[in-house]
Amino acid sequence: MADCVAAVKTGMRLILLGPPGAGKGTQATLLAQRHGTTSLASGDILRDAIRRGDPIGRKASRYVESGALVPDDLVTGLIFQRLDGLGKEESFILDGFPRTESQARVLDARLMEKGQSPVDLVVDFEISEEKIVRRLAGRRICGACGASYHLEKKAPRREGACDSCAGGLRIREDDRPETIRRRLLVYHEQTEPLLKFYRAQGKLQVVPGDLEIEDQYQALLELLKRERLV
Ligand code: ADP
Ligand code: ZN
């Protein structure tokens, strides 16, 4: 890893929260690439299962496409399967999971059961709804590998084609305006209560979600340094 400045703490468990469009996926990917850790994005994992047409994917697709949350047992099963593939001391970032208080409790219980260290830090990316809608409208994803782009902020090198696999770019099914509104509502109703849950554990910190990609990254990195995670 040529541009790996400093590795994250061994066994780090970092959770990225915040509404759709707050930059969770972008920041998780940058951190993973630059600091040698693993990022697990529940949305990507679900879309991948849907593309492959496996049993969980078939059950999850209607929820994802309509902007509703996928039932806890389906998501938890998929995420835990991935976590089982990591070494016990391996660090990881969770992007998009947990998204409900019950998912958070199940995660805590699982880490405990496996004798692993608990969640270190939960970052809430804050951004206004107006900016969210603008951002999601410009988002494009690769139909082949799922990589994410933005028409203004993170344009592909060649228009309409994925930088890493040359697959065709398209609008994500759930980035249509009506579905964006549904996702925001779902976020307020089901995910926001999680902020209180983690605040009560003393684990919640806020980073602005409306900055340019690199500025947001620097803000996140400074926080991780203060918390002695990098
Ligand atoms: P965003 O954060 O931009 O909404 P994601 O890719 O994280 O996008 O999630 C897309 C969709 O995948 C969600 O709207 C939901 O249907 C499903 N999903 C992702 N993570 C979870 C989760 N932890 N629990 C339930 N559903 C989830
Ligand atoms: Zn691709």
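Up top is the structure these notes are about.
Structure report, in brief. All residue numbers refer to positions counted from 1 along the written sequence of the respective chain. Here chains are named by letter from A upward and ligands by number from 1 upward, in the order in which they appear as written. With the structure being a predicted model, the display of local features is reserved for residues of pLDDT at least 70 and the display and counting of side-chain atom pairs for 80 or more, all residues being used for whole-chain, interface and lining totals. To obtain the side-chain values, all non-hydrogen atoms of the structure were used and water was disregarded.

**Notes on the site of ligand 1**
Part 1 of the argument: For ligand 1, the set of nearby residues contains 21 residues, the closest of which are Ser42, Ala68, Gly96, Gln103 and Arg183.
Part 2 of the argument: Within the contact set of ligand 1, an oxygen atom lies 2.5 Å away from a backbone nitrogen or oxygen of Ala68.
Part 3 of the argument: The side chain of Arg99 places a nitrogen or oxygen atom 3.1 Å from an oxygen atom of ligand 1.
Part 4 of the argument: For ligand 1, whose accessible area on its own is 540 Å², the fraction buried by protein is 96%.
Part 5 of the argument: Each helix is a run of H or I in the DSSP string that is no shorter than four residues. Each strand is a run of E no shorter than two, and both are numbered from the N terminus. The set of elements that each furnish at least two residues to the shell around ligand 1 consists of helix H2 (42–52) and helix H3 (55–66). Being near a molecule or strand, for a residue, comes down to having at least one heavy atom within 4 Å of it. In protein, a polar contact means a hydrogen-donor-capable atom and an acceptor-capable atom, both N or O and within 3.5 Å, with residues adjacent in sequence counting only if both atoms are side-chain atoms; elsewhere, any N or O pair within 3.5 Å suffices. For the area figures, the Shrake-Rupley method with a 1.4 Å probe applies, and any residue is considered shielded solely by the protein chains shown.

**Topic: the coordination of the zinc ion (ligand 2)**
Ideal geometry at a metal gives 109.5 degrees between four tetrahedral donors and either 90 or 180 degrees between six octahedral ones.
Part 1 of the argument: The coordination sphere of the zinc ion (ligand 2), as far as protein atoms go, consists of Cys142 (SG), Cys145 (SG), Cys162 (SG) and Cys165 (SG), spread over 2.3 to 2.4 Å.
Part 2 of the argument: Donor atoms are limited to N, O and S found within 2.8 Å of the metal ion, a distance that becomes 3.2 Å for Na, K and Ca. With water left out, some sites might look partial. Here the metal geometry follows the donor angles, with tetrahedral for four donors whose angles all fall between 85 and 135 degrees, square planar for four and octahedral for six when opposite donors are more than 155 degrees apart and every other angle is between 65 and 115, and irregular for all the rest. For the zinc ion (ligand 2), the four donor atoms are set out with angles of 97 to 117 degrees between them, so the coordination reads as tetrahedral.
Part 3 of the argument: Each donor residue of the zinc ion (ligand 2) belongs to the same chain, and together they define the spacing C-x2-C-x16-C-x2-C.
Part 4 of the argument: With a 1.4 Å probe rolled over the protein chains alone, any residue whose accessible area is under 20% of its type maximum counts as buried; one over 50% counts as exposed, and the rest are partly exposed. With a relative accessible area of 37%, Cys145 lands in the partly exposed category.

**Considerations on the nonpolar core**
Part 1 of the argument: We call a set of buried Ala, Val, Leu, Ile, Met, Phe, Trp, Tyr and Cys residues a nonpolar core when their side-chain atoms join them within 4.5 Å. In this structure, Ile15, Ile79, Leu83, Leu94, Leu107 and Tyr198 are the most contacted members of the largest nonpolar core, which totals 30 residues.
Part 2 of the argument: When contributions to this core are tallied by element, the ones reaching two or more residues are strand S1 (13–17), H2, H3, helix H4 (72–84), strand S3 (92–95), helix H5 (101–113) and helix H8 (193–200).
Part 3 of the argument: A total of six residues in this core trace back to one element, the largest contributor, which is H4.
Part 4 of the argument: Every residue in contact with Leu107, bar those within four places of it in the chain, is listed here: Ile15, Phe80, Leu83, Leu94, Phe97, Pro98 and Val119. Only heavy atoms enter the contact rule, under which two residues are in contact if any of them lie within 4.5 Å.

**Observations concerning the pattern of salt bridges**
Part 1 of the argument: By convention in these notes, a salt bridge is any Lys or Arg side-chain nitrogen within 4 Å of a carboxyl oxygen on Asp or Glu. Using the criterion set out here, one finds 19 salt bridges in the structure.
Part 2 of the argument: Between Asp44 and Arg47 there is a salt bridge; the shortest N-O distance is 2.8 Å. Placement of both Asp44 and Arg47 in helix H2 is noted, with a separation of three residues, approximately one turn of the helix.
Part 3 of the argument: Accessibility expressed as a relative area gives 40% for Asp44, which makes it partly exposed.

**Topic: the sheet that holds S3**
Part 1 of the argument: The pairing criterion is simple: DSSP has to find at least two bridges between the two strands. Ordered in space as S2-S3-S1-S4-S8, the five strands form an open sheet in which the pairing is parallel. Both outer strands of the open sheet, strand S2 (38–41) and strand S8 (204–208), are each paired with one neighbouring strand and no more. For this sheet, the mean inter-axis angle between neighbouring strands, taken without regard to orientation, is 25 degrees.
Part 2 of the argument: By the bridge criterion, four bridges tie S1 to strand S4 (residues 121–126) in an arrangement that is parallel. For Leu17, the partnering residue across the bridge sits in S4 and is Asp124.
Part 3 of the argument: Every angle, taken between N-to-C directions, lies between 0 and 180 degrees, and every axis is a line fitted to C-alpha atoms, over only the stretch in contact when it is a helix. Taken strand by strand, helix H1 (residues 24–35) contacts S1, S2, S3 and S4, and its axis lies near 170 degrees from that of S3.
Part 4 of the argument: Here H2 sits on the sheet in contact with S2 and S3, set at roughly 65 degrees to S2.

**Concerning the pairing of strand S5 (residues 139–142)**
Part 1 of the argument: Neither face of S5 is exposed, since Arg139 and Ile141 on one face and Arg140 and Cys142 on the opposite face are all buried.
Part 2 of the argument: Between S5 and strand S6 (residues 148–150), which follow one another and run antiparallel, lie five residues, and Gly146 among them has a positive phi close to 85 degrees.
Part 3 of the argument: Here two bridges tie S5 to strand S7 (residues 169–170), and the two strands are oriented antiparallel to one another. Paired with Ile141 across the bridge in S7 is Arg170.

**Comments concerning the environment of Gln116**
Part 1 of the argument: As for its position among the elements, Gln116 is in the loop between H5 and S4.
Part 2 of the argument: Non-local contacts of Gln116, meaning those with residues more than four positions away in its chain, are made with Arg13, Lys88, Phe92 and Leu111.
Part 3 of the argument: A distance of 2.6 Å separates the side chain of Gln116 from the side chain of Arg13, its partner in a polar contact.

All we've got here are geometric facts, nothing functional implied.
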